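Observations on chain architecture
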Amino acid sequence: MSLETDKQHWADRQERGSFWLMKLTAFAAKVLGRRLLSPLLYGIVLYFFIFGRSARQAAWQYQQRLADWSGRTELRPSHWRVFGQFMAFADSLLDKLDVWNGKLSLEQIEIVDPALLRNHLRDGRGQMLVGAHLGNLEMCRALAELGEKVTMNVLVHTKHAEQFNRLLGEAGATHLRLIQVSELDPVIMLQLSERLERGEWLAIAGDRIPLHGARTVTVDFMGRPAAFPQGPWLLAGLLKCPINLLMCLKHEGRYRVTLEPFAEAVVWKRSDREQVITHWAGLYAQRLAHYCLQAPQQWFNFYPFWKTDDDAHS
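Residues numbered from 1 in each chain as written. Predicted model: local features only at pLDDT ≥ 70, side-chain atom pairs only at ≥ 80, totals over all residues. Heavy atoms only, no water.

The name an unreviewed UniProt entry gives the chain is Glycosyl transferase, with Pseudomonas rhizophila as the organism. Here is the UniProt Subcellular location (unreviewed entry) comment for the chain, exactly as written: "Cell inner membrane". (UniProt positions renumbered as here; feature names shortened; annotations may be inferred.)

**Some thoughts on the overall build of the chain**
Along its length, the chain carries 9 helices and 9 strands. Sorting the 314 residues of the chain into buried and exposed places 54% on the buried side. Of all intrachain contacts in the chain linking residues separated by at least 6 positions in sequence, the fraction that spans at least 24 positions is 76%. Accessible area for the chain stands at about 14400 Å²; split by element, carbon and sulfur atoms hold 55% of it. (Helix = DSSP H or I, 4+ residues; strand = E, 2+ residues; numbered from the N terminus. Buried < 20%, exposed > 50% of the residue type's maximum accessible area, 1.4 Å probe, protein only. Contact = heavy atoms within 4.5 Å. Areas by Shrake-Rupley, 256 points an atom, 1.4 Å probe, with all protein chains shown as cover.)

**Notes on helix α8 (residues 231–239)**
Of all 9 residues in α8, 7 are buried, a share of seventy percent or more. Residues P232, W233, L234, L235, A236, G237 and L239 constitute the buried set of α8. Two residues or fewer after α8 comes K240, characterised by a positive phi angle close to 55°.

**A word on the pairing of strand β9 (residues 254–263)**
Buried residues dominate β9, accounting for 7 of its 10 residues. Here 4 bridges tie strand β1 (residues 109–112) to β9, and the two strands are oriented parallel to one another. In the strand pairing of β9, I109 is matched with Y255. Across 9 bridges, strand β8 (residues 243–251) lies against β9 in antiparallel orientation. When the sheet's bridge partners are listed, L246 is paired in β9 with L259. Counted along the chain from β8 to the antiparallel partner β9, the turn is 2 residues long, and its residue E252 has a positive phi close to 50°. (Pairing = 2+ DSSP bridges.)

**Here we look at the pattern of salt bridges**
Scanning the model with the defined rule gives 9 salt bridges in all. A salt bridge links D91 to K250; its shortest N-O distance comes to 2.8 Å. Placement of the pair is D91 in helix α4 (residues 79–100) and K250 in strand β8, with a sequence separation of 159 residues. Its salt-bridge partner being E110, residue R256 comes within 3.3 Å of it at the nearest N-O pair. Here the residue R256 occupies a position in strand β9, and E110 occupies one in strand β1, the gap between them amounting to 146 residues. The network of salt bridges with common partners includes D91, D95 and K250. (Salt bridge = Lys/Arg side-chain N within 4 Å of Asp/Glu carboxyl O.)

**Overview of the pairing of strand β7 (residues 224–229)**
Pairing of strand β6 (residues 216–221) with β7, which is carried by 6 bridges, proceeds in the antiparallel orientation. Of the residues in β7, the one forming a bridge with T218 is A227. Connecting the antiparallel pair β6 and β7 is a turn made up of 2 residues, with M222 showing a positive phi of about 60°.

**Things to note about the environment of G199**
By the element assignment, G199 lies in the loop between α7 (186–197) and β5 (201–205). Among the residues examined, G199 registers a relative accessible area of 12% and is labelled buried. Separated by 74 residues in sequence, G199 and R125 have C-alpha atoms that sit 4.5 Å apart.

**Considerations on the UniProt feature "transmembrane region" (unreviewed entry) in the chain**
Following the UniProt record, one finds the feature "transmembrane region" (unreviewed entry) at residues 36–55. Helix makes up 95% of residues 36–55 and strand 0%. Its end C-alpha atoms lie 26 Å apart.

**Observations regarding the confidence of the model for the chain**
The predicted model of the chain averages 79 in pLDDT, with 74% of residues at 70 or higher. Of all helices and strands in the chain, the one with the weakest mean pLDDT is helix α6 (residues 161–170) (51), whereas helix α9 (residues 273–294) scores best (96). Across residues 1–18 the pLDDT falls below 50, and counting only partners more than four positions away or on other chains, this stretch makes 49 contacts in the model. (pLDDT = per-residue confidence, 0-100.)

**Looking at the nonpolar core**
Ranked by internal contacts, the top residues of the largest apolar core, which has 51 residues, are M128, F221 and L288. No other element matches α9, which puts 10 residues into this core. Leaving out residues up to four positions away in the same chain, M128 has contacts with L202, I204, P232, L235, A236, L239, C241, P242, I243 and N244. Listed in part, the 19 residues of the second largest apolar core include W60, F83, A90 and L97. (Core = buried A, V, L, I, M, F, W, Y, C linked by side-chain atoms within 4.5 Å.)

**Some details on the packing of aromatic side chains**
On inspection of all chains with the given rule, the structure shows 22 aromatic pairs. Ring geometry for F89 versus F300: centroids 5.5 Å apart, planes at 65°, classification edge-to-face. Taken together, the residues span a long stretch of sequence, with F89 in helix α4 and F300 in the segment after α9 at a distance of 211 residues. Residues F89 and F300 agree in their burial class; the two are buried. In this structure an aromatic cluster arises from ring pairing among Y62, F221, F228, W233, F262, W280, Y284, W299, Y303, F305 and W306. The positively charged end of R273 is found above the aromatic ring belonging to W268, 5.6 Å away from the centroid. (Phe/Tyr/Trp six-rings, centres within 6.5 Å; stacked < 30°, edge-to-face > 60°. Lys NZ or Arg CZ within 6 Å of the ring centre and 35° of its normal.)

In structure tokens:
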């Protein structure tokens, strides 16, 4: 899970428990069903809310940043609003399991695609989708499995990618694959380039930093400096592929998947790489803040996103 109970990096905890937690939860969902599983999962999240001081502080900090930046006083944090963010996380886990178990149909998902990007999912070379831990990125399976039957490669930092792929296969996912990209070595780059040439698409989150060897860039996010990974923009420059944003937010019990063109190309040379990546990461942070306002309690980065935590609350 993404909630943290201590000062450890999110990836360190994820390496230890995410795979087995998801395996257990997926099994429980199949045996018990969502109605019986919900109280158990909500109980687990309540435990994290009560004892996860660092995660609680991080959620408080995020809500304070969002309220200050937007000028919307109704978004100011309270214990109830922070708990609501934890509960939204639990709800997203249940939705994720519904996707895995084939209980969510395309008719239950609204796809907002003003630029008609879906029309290009099968056009020659693939492209890149950059998402965030806002809402539910699992809904990219709506494009991969339920919609256009295009192969979607989700780039992750976890070393358990192959084990997660087995779980995906057991759940019937044939067009969705996780690929570990902790380091952009030549073998990985060749593999990704080949997948793009086959017309497959790549999806990556642009708002989390890997544990080891992370290259970051500091940009303005909601009026304060925050570190973002360089990975998506480095990758786009190396692979020479267009980038689109993918946001999957829940509105009134229904998911809205938004596809938004972002960059036709990210071009950098060694001499200006830092400047170019800072530019694109800054634009991404602006769009991410925009979408945070659309779903204020669906931000699921439960760790200190901004370096300063003067407004954190226990």
